[in-house]
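Spelled out from the first residue to the last, the chains are:
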Amino acid sequence: MTTPTDERVPVTVITGFLGSGKTTLVNRILTEQHGRRIAVIENEFGEVGIDDALVLDAEEEIFEMNNGCICCTVRGDLIRILGALMRRRDRFDQILIETTGLADPAPVAQTFFVDDEIRDRLRLDAIVTMVDAAHVLEHLDEVKPDDVENEAVEQVAFADRMILNKVDLVDEPKLTAVESRLRSINSAAEIVRSQDAKVDLDRILDVGAFDLQRVLTDDPAFLEQTDHQHDQTVTSVGFQIDGDIDVDKLNDWLGELLGYRGVDIFRSKGILALENQSRQYVFQGVHMLFDGTEGREWRPDEPRTNRMVFIGRNLDRAELEAGFRGCLVNS
Amino acid sequence: MTATITAQSIWRADVDDAVVAVAAARDGRIAVVGAEGSLTLLSADGEVATRQVVSPGCLAVSWSPTGDRVAVGSIDGFSVFDTEAQQITAHRGGWCSALAWSFDGARLAAGVGRSVVVASADGTQLMRRDRDSTVTGVAWIKSRVAAAAYGGVHVYHVSDSTAADILPFTGSLLALVISPDRRWAASGNQDATLHVWRVGRQGQELEMSGYPTKITTLAFSPDSTLLASGGGPNVTVWDFRGSGPKGSSPRVLSAHEKVVTGLAWSPDGTVLASSGDDGLVAAWKPSAAVPGRPVGATKLWTDPAPATTVTWSPAGAVVAGWANGVVAGHEVRG
């Protein structure tokens, strides 16, 4: 959901394996009549030159912020390019960042948390992961050496939206199986089916990061999902709990949790009812870094229900839920 | 010593681009570059002489000390122009936010992507060395070139391929200065610290922290005694006399409400000018300030748009630029 007071420019990050249709999607966004003025940052210069769009080239440059902590790697090239973009007089309605097929989404996302200039003016709206319906299972199942991440799993885990592309190339049972597999990793992200990357752009641009309300309302199974405790599988844990949250307790708990579990917790997201606040608090974290903004007003007839999602490895639902309950004002 | 500064507006121009950097030539002419790629040359009294779009987006500009060349850094490389804004040479190949002419004006050092390049004034490439990440600062130490990138500053001889002297720092460097007396090198960093090395004395390093945000602008006074730094809304000035600022309290200028974007000392070193995201350009006398006690400043000009850069002309005028295309000159007497 978009914070009414948030005037920061939304940034959409498009990830996905080579051949999944990222470039087709970006070109579609650039050429479609949507009335938005868009700046695109991509790793290879595309062929498309469009009047209303600015296309900039980036060369992936990852560095560590805090002396070697892998959870605080950021993209130095993006800090520079986004900084230069913000100095222009023309205001963009939307910025797109297209990553390379093998890119780890974490440094891209973390860039929006650690640089003040960027955080003040830009908002990470959504990570959109393109998935090739015909080949994604092979990529997800690929066995990597112990210390190497499976990039396909990471890209799915980090997604706020997944575009299941090339649906014309596989039959319905296979599609259902692929969707089920994607949801087992990341049940918080909506899956949009497409052919030739034809997607309603309103479902991927300026969507307000994640609509937890929808996910947690429409998919109650998510809330009772069986746990995969103590295995290396990447899964999601979500819960909704009524009651007001004590901000200090929340900060202490999240600080500690993400401090020692931040490597395994890829993403955390929440829409929370903070004590004495009439507006929702929209929270999101990437590994150890987290941030929050005010959301919309709670409606008078609406229960003050906190919704929280964690995506990562070795997630222990009972531990997470107990920890969160400890942040309630009356706990 | 009096802290009084008087300022008088002498001209104002519009370059029709968000000003990114300004530079003043020896004869007082001004070069202005913009975020949308323009290069504008102004006469010493602020009249637009030439204006053209030279790149997809400019990042830096520098007049040669001889005044007959102006170098422009952009998101895709650098170009060198003559005084009529005719392009003499162009070097494409990556991000160029760092430019430095040698003291005799015969050589230009530039960061281009992950390389540091030295070219002659006519564009002939004299040296190229590669780093692992983008070069974000260049400076001369006599005839050697210092280049800042993630991991520290490397100092190269231009004419031979001997190994670089390395001034190490684990982090992302955003700005580099060398004191005019060549005793000190300092970097402003992404992690909101100022790192200082004694040039030629391996291991003698200082780190100053406490800044609220990353440090993107640094300026040494002409006599090398004071280093002014941005990194948040305050201007922090460290005293480098003797063994340096370790353990000392800095002088603090608290005039800006938003992040400081540019710093420049008057040619005689008495007045420091600063530009800020709040649109203000301010001037003060650091030598009259007391360490540890913030002071205000003479406010020269405020514009609704962010003030993005400031410099001094050799004649003693403060020249500043704003994101709305305004460039203004002020005669300042300290």
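Up top is the structure these notes are about.
So, a few notes on the structure that sits alongside this text. (Residues numbered from 1 in each chain as written. Chains lettered and ligands numbered in written order. Predicted model: local features only at pLDDT ≥ 70, side-chain atom pairs only at ≥ 80, totals over all residues. Heavy atoms only, no water.)

### Overview of the sheet that holds strand S10 (residues 234-242) of chain A
Residues and elements named next belong to chain A.
Then step 1. Strand order in this open sheet of 5 strands is S10-S14-S11-S12-S13, and the pairing throughout is antiparallel. Two strands close off the open sheet at either side, each with one partner strand: S10 and strand S13 (289-297). In this sheet, neighbouring strand axes are inclined to one another by 10° on average, regardless of whether the strands run parallel or antiparallel.
Then step 2. Helix H3 (residues 105-114) rests against strand S12 (279-286) and S13 of the sheet, and its axis sits at about 130° to S12.
Then step 3. Packing of helix H10 (residues 247-261) onto the sheet brings it into contact with strand S11 (265-272), S12, S13 and strand S14 (305-313), and relative to S11 it is tilted by some 165°. (Pairing = 2+ DSSP bridges. Helix = DSSP H or I, 4+ residues; strand = E, 2+ residues; numbered from the N terminus. Axes fitted to C-alpha atoms, helices over the stretch in contact; angles between N-to-C directions. Contact = heavy atoms within 4.5 Å.)

### Brief notes about the side chain of Asp277 of chain B
Then step 1. With respect to the helices and strands, the residue Asp277 of chain B is situated in the loop between strand S27 (272-276) and strand S28 (280-284).
Then step 2. According to the relative accessible area criterion, Asp277 of chain B is buried, its value standing at 18%.
Then step 3. Excluding residues that lie within four positions of it along the chain, Asp277 of chain B makes contacts with Arg121 of chain A together with Lys258, Val259, Thr261, Pro306 and Ala307 of chain B. (Buried < 20%, exposed > 50% of the residue type's maximum accessible area, 1.4 Å probe, protein only.)

### Some points on the layout of surface pockets
Then step 1. Approximately 680 Å³ is the volume found for the second largest pocket.
Then step 2. Listing elements by their share of the lining of the second largest pocket, those giving two or more residues are strand S3 (53-57) and helix H2 (76-86) of chain A together with strand S6 (58-63) and strand S9 (87-92) of chain B.
Then step 3. Per-class residue counts for the lining of the second largest pocket are 16 nonpolar, 8 polar and 12 charged. (1 Å grid on protein atoms, 1.4 Å probe; cavity = no way out; pocket = protein on both sides within 12 Å on 5 of 7 lines; lining within 4 Å. Points joined across faces, edges and corners; volume = space filled by probe spheres on them. Nonpolar A, V, L, I, M, F, W, Y, C, P; charged D, E, K, R; others polar.)

### Considerations on the sheet that holds strand S22 (residues 218-220) of chain B
Residue and element names in this part refer to chain B.
Then step 1. One open sheet accounts for 4 strands, arranged S22-S23-S24-S25; its pairing is antiparallel. The two strands at the open ends of the sheet, each matched to only one other strand, are S22 and strand S25 (251-253). Taking each pair of neighbouring strands and ignoring which way they run, the sheet shows an average axis angle of 20°.
Then step 2. Judged from the 4 bridges that link them, strand S23 (residues 226-229) and strand S24 (residues 235-239) form a sheet pairing that is antiparallel. Bridge pairing in S24 places Leu226 opposite Asp239.

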